[in-house]
2 protein chains.
Amino acid sequence: MSSEPATSVPTDLDLSLDGGALTAQLVDFPSESGDERPLADAVERALRALPHLRVDRMGNNIVARTELGRAERVLLAGHLDTVPIADNVPSRVEGDRLYGCGSSDMKSGVAVQLRLAATLPEPNRDLTFVFYDCEEVDADRNGLGHLVTRHPDWLAADFAVLLEGTEGYVEGGCQGTMRIKVALTGTRAHAARSWLGDNAIHHAAEVLGRLAAYRPRRVEIDGLEYREGLNAVDIRGGVAGNVIPDECVVTVNFRYAPDRSPAEAEAHLREVFAGFPVEVTDSSPGALPGLDRPSAKDFVAATGGAARAKFGWTDVARFSALGVPAVNYGPGDPNMAHKRDEYCDLPVIAECERRLVAWLS
Amino acid sequence: MSSEPATSVPTDLDLSLDGGALTAQLVDFPSESGDERPLADAVERALRALPHLRVDRMGNNIVARTELGRAERVLLAGHLDTVPIADNVPSRVEGDRLYGCGSSDMKSGVAVQLRLAATLPEPNRDLTFVFYDCEEVDADRNGLGHLVTRHPDWLAADFAVLLEGTEGYVEGGCQGTMRIKVALTGTRAHAARSWLGDNAIHHAAEVLGRLAAYRPRRVEIDGLEYREGLNAVDIRGGVAGNVIPDECVVTVNFRYAPDRSPAEAEAHLREVFAGFPVEVTDSSPGALPGLDRPSAKDFVAATGGAARAKFGWTDVARFSALGVPAVNYGPGDPNMAHKRDEYCDLPVIAECERRLVAWLS
């Protein structure tokens, strides 16, 4: 047995590649949430090779910055992790599309960050590049969240761009997300004498029925339309093949427009599931679009992109909480996120890089 | 470290104890399905010590018989295994009740078998005692099933009594059991853009709704009332907390009266779940009570017990398939089977033994 790594997994990143080829290299470098270390190591090595950057690291989170004394500092952020690979690595190119896990969410954005880091030694604004881990899992594991808590000084900036996929549009704000558990209970009994028990799984019929019948709201804020969603993301119940189960747990995810606070979102869920026990297990507030602020207006004008609403919860809300105006702007297609056939349009990667270089040069 | 067994676990059975005390000794001798060997060894040793019995063994299945040349042969059968122990071993006595794992299902029946083997050296009918393993798990592991296939001659008899718990009643036949999987499918998508996906868990609402609304049939056969049951015994769905799931599987157990064949039971389930995919994963036919047959009538009269329907699937169906008339008659309480607070009434154990001794003397 050889202990050599498989030759198809790279250990170094080549920042001289164009954005599309660099995205492919990143996709071929597996980094499921919790397993980002090898990729974080490679990013750190690549950045430390650039003499114009100061590099800091905490865990698998890398922060690199120029220190040119410019009047303004722009922060460019992206997460290194992906959802679990689903037979979609290594990457492949078909026509203008690059297929593969993370191609849209968000290794194409990370590729643009790395390209800017490598090619802009003297930008017109000081730059801070942030690469972080565990964005695709529970909020309390989020690397950017850990940086906010432990090194807020590393994140000081006048304006932040999160390179989550927006297909090259500027997206304002983000929706909130809340997860709840609805635990149904019953009485265990032998399945041959089911009338002595009370089937907890059957009680879930009403909960799922309300979800299936739910009509999600659409709402306009600062001229942008937000679409909500209420979905079961998990259901578990069952003891054995011959036992009436006494427990069934439904996990529900509510994605809500940023005109609701977390408290209002929770109150709404308690109303929808009236009569059932509701336990909030995870909550991240939304962020209002804030496109009326000067820094946001300037960026929108410079990139020439039309603004629209952000549906996915993104860490833009963490910058909002720090008081740093922030928008989403990245080459990925958010409709492709977490899909088996996830892809990214190669021309959009090049266009995103070109517009950011133009704005920062 | 000493290699001595813990003093609280017996290695030998004392067949001179009364039925209740012997049941307690059996309960204190753990024998979860798959781990019956030590108990099978002890049963074999105890039976080989009785000179009037011929003893055979296959795996953890023990068959002992008298060979007196009587005109009729009666077979008495019981399984040695229990469901997993749930903080209910060792046994304890409270008033007239013996608590513990297997006390009702079915170590009290096994105790009566062993008592008859020890105390009836010259019964009025030849006797065959069968002790077998793996009754509480998948049908293909059942020790009696293996004996039926490999040593059907060991099971030759004019009449069989399975000592599964009936609270001392004679129970005719048994219900059939069938398990199906109903797999709901959808389209995966990011939970933030749920309108791009199709939630498989939400599709389970209709399946669970039909189960919750189902009115199980009650039917009278040979004067006995059977009660059917249709229950979800498992449900699983979910990919991640931020993904619209593309699969949800509901496992359903149908316990049906023996006037339905397995094919008819399956047709009924396909009707109940019309519009959904139904896959049969496990099927064991019922057995008609057959209380009109002379051997059954004679036994019912001798034991003086009122006859009633058997709800749980029992191995009586295996004897039916061999052409051996068979009934369930044992001291356990079937309502106690598989419960944490499982117990058996001590006077019922004594009464069951007394009636069988009277019939066979």
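Above this note sits the structure.
Fair warning: this is a prediction, and the values are worked out from it, not measured in the lab. (Residues numbered from 1 in each chain as written. Chains lettered and ligands numbered in written order. Predicted model: local features only at pLDDT ≥ 70, side-chain atom pairs only at ≥ 80, totals over all residues. Heavy atoms only, no water.)

Student: Quick one: what's the story with the interface of chain A and chain B, residue by residue and with numbers?
Tutor: Listed by partner, the interface residues are 52 residues for chain A and 49 residues for chain B. Buried area between chain A and chain B, summed over both chains or domains, comes out near 4300 Å², and the portion from carbon and sulfur atoms is 56%. Of all residues in chain A, the largest losses of buried area upon contact with chain B belong to Arg193, Trp195 and His202 of chain A, amounting jointly to 15% of the total for that side. Our count for the contact surface shared by chain A and chain B stands at 0 salt bridges. Between the two partners, chain A and chain B, sit 17 residue pairs in polar contact (both at pLDDT 80 or more). Listed by contribution, the elements that provide at least two residues to the side of chain A that touches chain B are α5 (200-213), β13 (229-238), β14 (243-244) and β15 (247-256) of chain A. A per-element tally of the side of chain A that touches chain B places β13 of chain A first, with 10 residues. Tallied by class, the residues present in the side of chain A that touches chain B amount to 24 nonpolar, 16 polar and 12 charged. (Contact = heavy atoms within 4.5 Å. Buried area = accessible area lost by both parts, 1.4 Å probe. Salt bridge = Lys/Arg side-chain N within 4 Å of Asp/Glu carboxyl O. Polar contact = N/O pair within 3.5 Å; in protein donor to acceptor, adjacent residues only side chain to side chain. Helix = DSSP H or I, 4+ residues; strand = E, 2+ residues; numbered from the N terminus. Nonpolar A, V, L, I, M, F, W, Y, C, P; charged D, E, K, R; others polar.)

Student: An account of the environment of Ile235 of chain B is needed here, citing residue identities and associated values.
Tutor: When you line up the elements, Ile235 of chain B lands in strand β13 (residues 229-238). Residues within four places of Ile235 of chain B in sequence aside, it is in contact with Ile201, Ile235, Arg236, Gly237 and Cys248 of chain A together with Ala204, Leu208, Cys248, Val249 and Val250 of chain B.

Student: Describe unusual backbone geometry, naming the residues involved and giving the relevant values.
Tutor: All names here are of chain A. Residue Pro90 is bonded to the preceding Val89 through a cis peptide linkage, with omega at 5°. Among the secondary structure elements, Pro90 is positioned in the loop between β3 (73-79) and β4 (92-94). A positive phi angle, near 55°, is found at Cys134, a position not held by glycine. You can see Cys134 is positioned in the loop between β6 (126-132) and α4 (143-150). A relative accessible area of 6% places Cys134 in the buried class. (Buried < 20%, exposed > 50% of the residue type's maximum accessible area, 1.4 Å probe, protein only.)

Student: Provide a residue-level description of the packing of α5 of chain A against helix α5 (residues 200-213) of chain B, including the pertinent values.
Tutor: In the contact formed by α5 of chain A and α5 of chain B, the axes pass within 7 Å of each other and the chain directions differ by 135°. Between α5 of chain A and α5 of chain B, the crossing angle belongs to the class labelled oblique. In this structure, the crossing between α5 of chain A and α5 of chain B has a hand that is left-handed. In this structure, α5 of chain A contributes Ile201, His202, Ala204, Ala205, Leu208, Gly209, Leu211 and Ala212 of chain A to the contact, and α5 of chain B contributes Ile201, His202, Ala204, Ala205, Leu208, Gly209, Leu211 and Ala212 of chain B. Residue composition of the contact of α5 of chain A with α5 of chain B, grouped by class: 12 nonpolar, 4 polar and no charged. (Axes fitted to C-alpha atoms, helices over the stretch in contact; angles between N-to-C directions. Parallel < 35°, antiparallel > 145°, perpendicular 65-115°, else oblique. Left-handed = near helix turned anticlockwise from the far one by under 90°.)

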